[in-house]
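Structural overview for review
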Amino acid sequence: MSFLALERLEKRYPDGFHAVRGIDLAVERGEFIVLLGPSGCGKTTTLRMVAGLEEATAGTIRLDGGDVTRLRPSQRDVGMVFQFYALYPHLSVRANLLFPLENTGLAKMQREVRVDDIAAALGVTHLLERFPRQLPGGDQQRISLGRALVRQPRLWLMDEPLGTLDSDRREELREVIRAQQLQHGVTTLYVTHDQEEAMTLADRIVVMDQGVIRQAGTPSEVYESPADLFTAAFVGSPGMNRIDGLVTGGVCAPLGLPVALPDGPVVLGVRPEYLHPDDAGPLRGVVVMDEYLGAWRNLHLDCPCGRLVMRLPPGAAHRPGDAVGLRVDPAHVLCFAPGDGRRLA
Amino acid sequence: MSAALAIRGLTKRFGAVQALTGVDLDLAADELLVLLGPTGAGKTTLLRCIAGLEAPDAGSITLGGVDAVGLSPAQRDVALVFQNFSLYPDWTVGENIAFPLRAPGRAMGADAIRERVAWAARMLRLTDYLDRPASRLSGGQMQRVAIGRAIVRRPRLFLMDEPLTNLDAKLRESLRVELAVLRRELKTPMLYVTHDQAEALSMGDRVAVLDGGRILQQGEPRAVYERPVSPAVARLVGLPRINLLPAEDAGGGWTAGGVAIVPRAAGDPAGRCLLGIRPEDLRLAGGSAPAEVQLVEHLGAALLVTLRWAGMQVQALVGKDAAVRRGDTVHPAADPGRTHRWSAAD
Amino acid sequence: MRGLAVLRWSLLGVYAALAAAPLLLLLLTSFKSPADATSLDLKVLPLAGSASPHAFAPTLDGYAGLAGGGEGTAQPFWSYFLSSAIIGVCSTIAAVALGTCCAYGFSRFRIAGAKDWLFFILSTRFMPPLAVVAPVLVMYRQMELQNTHLGLILLYTVFNLSLAVWLMKGFIDEIPKAYEEAALVDGYSRIQAFVRIIVPQARTGMAVTAVFCLIAAWNEYGFALTLNNQRGVTVPVYFAGLQGNISGVPWPQVAAGVLVSVLPIMVFTLLIRRHLLRGVTFGTIKQ
């Protein structure tokens, strides 16, 4: 039996907004799960239901074998990190770290030792006597990571913890989070809208949209083999290109690829790195924008089939208006149903 | 033709904090200059000085050949877009966009205003939303309206202060391209402040790297990325970050931690140096010194491999077909022509 | 820049002089004899034995008069002062405590008809309080709350409560929810989170609210006169009583009493000045 199980979990607000529409998810002990999706997809609501900060409208949350759906947050033994740090401003850093331990019945000595240990692990020992408002965001979030871990909770919950930090701090803290998670082996639920964060942190990514789970899988499964068009477009930077195609007699236009699908319209998906410049290729496009990104460049093209993006090495630049021919890697073309975006092949 | 913006020796201090020190900056007409720097580098202060919201302690700001120090923000005719889009929630999109045109002293007729608003909405693909209250827009639409409010008066200069920072990552990506295309069509010079690497490299005609209130380097994105003048610039530009290794000259090549890393090239400094290798320039085979793979991260189109090499932690960006797993031993190598060397004194 | 500083300080100086003048006049009057206080000459120099028409011989008679009874008032000033203090402090504490709890509820929970409730609370202030003095008098007579401290404490608490709820709701709305949510997840009950996290952060608001409540209770006259005219009489009523003095109004004694009675408010406001100023820079979270 899995360590954390969400069964038909649902949240409907009094104003009628159906934030989470009956999701099922099984998480193993020690797993790092990232809930990924655009704002309003229900990922934060799901996390808050697991924490007990929102009441589930229907469904069950099981933690370590017990039903916790109706338990108060304080009874669930979870630690949570908030986007805006939420360190208690009137308490010193040390008092903030001690706070979750006060109700645990640990002896004072043990509490102090725990705080010193976690502060050392996170590299904030020199900040213990300071107050949160005196510290930059990165340090504040480090401390709130510690506050959520110091009790050695059964679950570590994180709600976009890196959202407000600049990219340097973000990368730094990403490493801290991963290291702490591995070291403590604590089962983690992490919410983000940043697919790169999800790809690098997760054991498994749970892609959500409009209150339902679109796909749950390892980063490479979600990236290479998306279950539908939404996941295909949301994961990857930029997302998967979509080309409207038509199957006739087992051959798919406009790429001219053989496919094992019945006749009719189909949507083809190709990642930007599987498009290659080729003057003899089946597609032609006009350069809209050449985005130089250091290690590579994204070439945005207007084609008869829509806007396509091609990932290229940082070689020579293209000018807007240039015409470019393209071909695709046949092995990496995916087919989706035009209506609901389901994956066909 | 005079530059759209010329700044000389701009200095600003807040109490004990030296926010800007001797900043020189030029912006040509029809140019997009990105100011890249970490939090606290002074980017926003610089922008606010140009907009006239802060008075500099020393230095000159010239807008289109006219000395701007002493002019009020309104007289400078620049448009500023903030990170937090402040729209009037009860007004419609159209009313929000029209607001700057109704400012006293602009005296535009109702028809002229309507025409301008329609033009701005068309540029930003907001035409279908003109009658919708701002409170019922998504984050991306709100930021587009905020940009609409900036472009509608056709200012002589755009100042953008991390306009995409508060948006979802996915939205940021698409608006980044949209904004760059829009700017090209408007042909209005723009100063764009960001800490986002992708925005800095992809959007600008030029990029200026700011840290500690000083401009460390400015130039075309590719030049700054490929030829950073100092380790500090190299570290600030590019993600995943450049690997910096303190190396010693051991006759034929550079060594770090006692093991040979890369051969020497002509013009290398003697003695000691700081060696910079971009992650994408580090191959996993062909070298002599072994490295242990500590972590393999799937970045989608590529793999980011963290290695323990010559006693240092380094990262390599490799194609996703590379068969590499945690715990493997590899022999990294880099083409000396693609590495950077700074004498240890820098 | 220097010119600006000079201008700024001279403006401040003029304002300070204007503001301090009445207090200074009160202070001088409190040291005069009744004759000097009503003299046609402006006597501003507290110099005994001076020949100047503007000089007077300072005396402590005014302050001594506060200790004596009789002459239009039943008890010494200090007993009225004590009543005012008990009533003011108790009703302030009650109004701030209840107001904070109530505001927290409105700020954090979904309450059916919350807006209507808040409007109702505010509406209790629409009418001048004295309009209900007659029914309150009848009610208090029946409940035997007349001439008690408790009676005025309850009354002032009720009158101040609407202000307290509205002020405190504004302050508590500013405190991000994430703070309590963090405490809830950290193993604390809702009430513990309120006491340990919200109350310390709402201190500024509570201080501001307390100042307003205390001033209102301290200065209230109409109800105090009507309800408590024998026991538990407050300071404003004491001054009114002095007007009926057979030997004319004892102005030095009035001045001394007024000074003594504004002192606690001034001291209280100065003590919590730090909190009041923090209110200006409120908002600790970047959002």
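One numbering rule holds for all chains: residues counted from 1, following each sequence as written. For naming, the first written chain is A and the first written ligand is 1, with later ones following in the order written. Local features are withheld for residues below a pLDDT of 70 in this predicted model, meaning they are given only at 70 or higher, and side-chain atom pairs are given and counted only at 80 or more; totals for whole chains, interfaces and linings count all residues. Note that the side-chain values use all heavy atoms of the structure and ignore hydrogens as well as water.

A closer look at the sheet that holds strand 9 (residues 206–211) of chain B
All names here are of chain B. As a reminder, the rule being used: Following DSSP output, two strands are said to pair if at least two bridges run between them. Segments assigned H or I by DSSP are reported as helices when at least four residues long, segments assigned E as strands when at least two residues long, and all are numbered from the N terminus. In this analysis, axes come from line fits to C-alpha atoms, helices being fitted only over the stretch in contact, and the angle between any two N-to-C directions falls in the range 0 to 180 degrees. Here, residues are in contact when the closest pair of their heavy atoms is within 4.5 Å.
Taken in spatial order, the six strands line up as 6-7-8-3-9-10 in an open sheet, and their pairing is mixed. Two strands close off the open sheet at either side, each with one partner strand: strand 6 (78–81) and strand 10 (214–219). Sheet twist, expressed as the average angle between the axes of neighbouring strands with direction ignored, equals 15 degrees. Examined bridge by bridge, strand 7 (residues 157–161) and strand 8 (residues 190–194) share four bridges and lie parallel to one another. Looking at the pairing, leucine 159 lines up with leucine 191 of strand 8. Here helix 5 (residues 139–151) sits on the sheet in contact with strand 6 and strand 7, set at roughly 170 degrees to strand 6.

Examining the pairing of strand 18 (residues 306–312) of chain A
Residues and elements named next belong to chain A. Here is the rule: The classification of residues rests on relative accessible area computed with a 1.4 Å probe and restricted to protein chains. Under 20% of the type maximum is buried, over 50% is exposed, and intermediate values are partly exposed.
Of all seven residues in strand 18, five are buried; the element is thus mostly enclosed. Here strand 17 (residues 297–303) pairs with strand 18 via seven bridges, running antiparallel. Note on strand 18: the bridge partner recorded for cysteine 303 is glycine 306. The hairpin turn running from strand 17 into strand 18, its antiparallel successor, is two residues long.

Side note on the interface of chain A and chain B
Basically, it comes down to this: Buried area, as used here, totals the accessible surface that two parts lose on assembly, with accessibility defined by a 1.4 Å probe and the loss added over both. In what follows, salt bridge is the name for a side-chain nitrogen of Lys or Arg lying within 4 Å of a carboxyl oxygen of Asp or Glu. Between N or O atoms, a polar contact is any pair within 3.5 Å; within protein, one atom must be a potential hydrogen donor and the other a potential acceptor, and residues adjacent in sequence are included only when both atoms are from side chains. Residue type decides the class: Asp, Glu, Lys and Arg count as charged, Ala, Val, Leu, Ile, Met, Phe, Trp, Tyr, Cys and Pro as nonpolar, and the leftover types, Gly among them, as polar.
Across the boundary between the two partners, chain A contributes 44 residues, which contact 37 residues of chain B. For the pair chain A and chain B, the summed buried surface comes to about 3,200 Å²; carbon and sulfur atoms form 51% of the total. If you look at where chain A meets chain B, you find five salt bridges. A salt bridge links B:Glu297 to A:Arg178; the shortest N-O distance between them is 3.0 Å. At the surface where chain A touches chain B, the tally comes to 18 residue pairs in polar contact (both at pLDDT 80 or more). When contributions to the side of chain A that touches chain B are tallied by element, the ones reaching two or more residues are helix 5 (167–184), helix 6 (195–201), helix 7 (219–224), helix 8 (229–234), strand 16 (283–292), strand 17 and strand 18 of chain A. With six residues, the top contributor of residues to the side of chain A that touches chain B is helix 5 of chain A. Here the residues of the side of chain A that touches chain B are counted per class, giving 18 nonpolar, twelve polar and 14 charged.

Description of the domain arrangement of chain B
Residue and element names in this part refer to chain B. Here is the rule: Boundary definitions for the domains trace back to an automatic or database domain assignment.
You can read the domains of chain B as domain 1 (5–236) and domain 2 (243–343). Each of domain 1 and domain 2 was reduced to a C-alpha centroid, and the two centroids are 38 Å apart. Taken residue by residue, the interface counts eight residues in domain 1 and six residues in domain 2. Carbon and sulfur atoms supply 54% of the area buried between domain 1 and domain 2, which totals about 690 Å² over both sides. Of all residues in domain 1, Tyr225, Pro231 and Ala234 give up the largest surface area on contact with domain 2, accounting jointly for 62% of the area buried on that side. Counting the contacts that link domain 1 with domain 2 gives zero salt bridges. Here domain 1 and domain 2 share four residue pairs in polar contact (both at pLDDT 80 or more) between them.

Observations concerning the interface of chain A and chain C
Contacts between the two partners involve 25 residues from chain A, matched on the other side by 22 residues from chain C. If you sort the residues of chain A by the area they bury against chain C, A:Phe84, A:His90 and A:Phe99 come out on top, with a joint share of 26%. In this structure, the salt-bridge partner of A:Arg48 is C:Glu181, at a minimum N-O distance of 2.5 Å. Where the side of chain A that touches chain C is concerned, the elements lending two or more residues are helix 1 (43–51) and strand 6 (78–81) of chain A. Considering every element that reaches the side of chain A that touches chain C, the biggest residue donor is strand 6 of chain A, with three residues. A per-class count over the side of chain A that touches chain C returns 15 nonpolar, four polar and six charged.

Here's the deal with empty space enclosed by the protein
Note the threshold: The pocket and cavity definitions rest on a 1 Å grid over protein atoms only: a 1.4 Å probe that fits but cannot leave marks a cavity, an open set with protein on both sides within 12 Å along at least five of seven lines marks a pocket, and residues lining either have an atom within 4 Å of a point. Grid points are joined across faces, edges and corners, and a volume is the space filled by probe spheres set on the points.
Evaluated as defined, the whole model comprises two cavities of 30 Å³ or more. Empty space within the largest cavity amounts to approximately 910 Å³. If you go around the largest cavity, you meet 39 residues; those closest to its centre are A:Glu196, A:Ser237, B:Asp196, B:Ala198 and B:Leu239. Counting only elements with at least two residues in the lining of the largest cavity, the list comes to helix 5 and helix 6 of chain A together with helix 6 (169–186), helix 7 (197–203) and strand 17 (302–309) of chain B. The element contributing the most residues to the lining of the largest cavity is helix 6 of chain B, with five residues. Along the lines of polarity and charge, the residues of the lining of the largest cavity split into 15 nonpolar, eleven polar and 13 charged.

Some details on the layout of surface pockets
For the second largest pocket, the calculated volume is near 870 Å³. Around the second largest pocket sit 28 residues that line it, and A:Leu53, A:Glu54, A:Glu55, C:Phe109 and C:Arg190 are the ones nearest its centre. Elements that contribute at least two residues to the lining of the second largest pocket include exactly helix 4 (77–108) and helix 8 (177–185) of chain C. The dominant element in the lining of the second largest pocket, judged by the number of residues it contributes, is helix 8 of chain C, at four residues.

Quick word on the pattern of salt bridges
Applying the stated criterion across every chain, the model contains 49 salt bridges over all chains. Residues C:Asp186 and A:Arg147 are paired through a salt bridge, measuring 3.7 Å at the closest nitrogen-oxygen approach. Residue C:Asp186 is found in the loop between helix 8 and helix 9 (190–201), and its partner A:Arg147 is found in helix 4 (residues 137–149); the two belong to separate chains. Connected through shared salt-bridge partners, A:Arg94, A:Lys108, A:Glu112, A:Asp116 and A:Glu129 make up one network.

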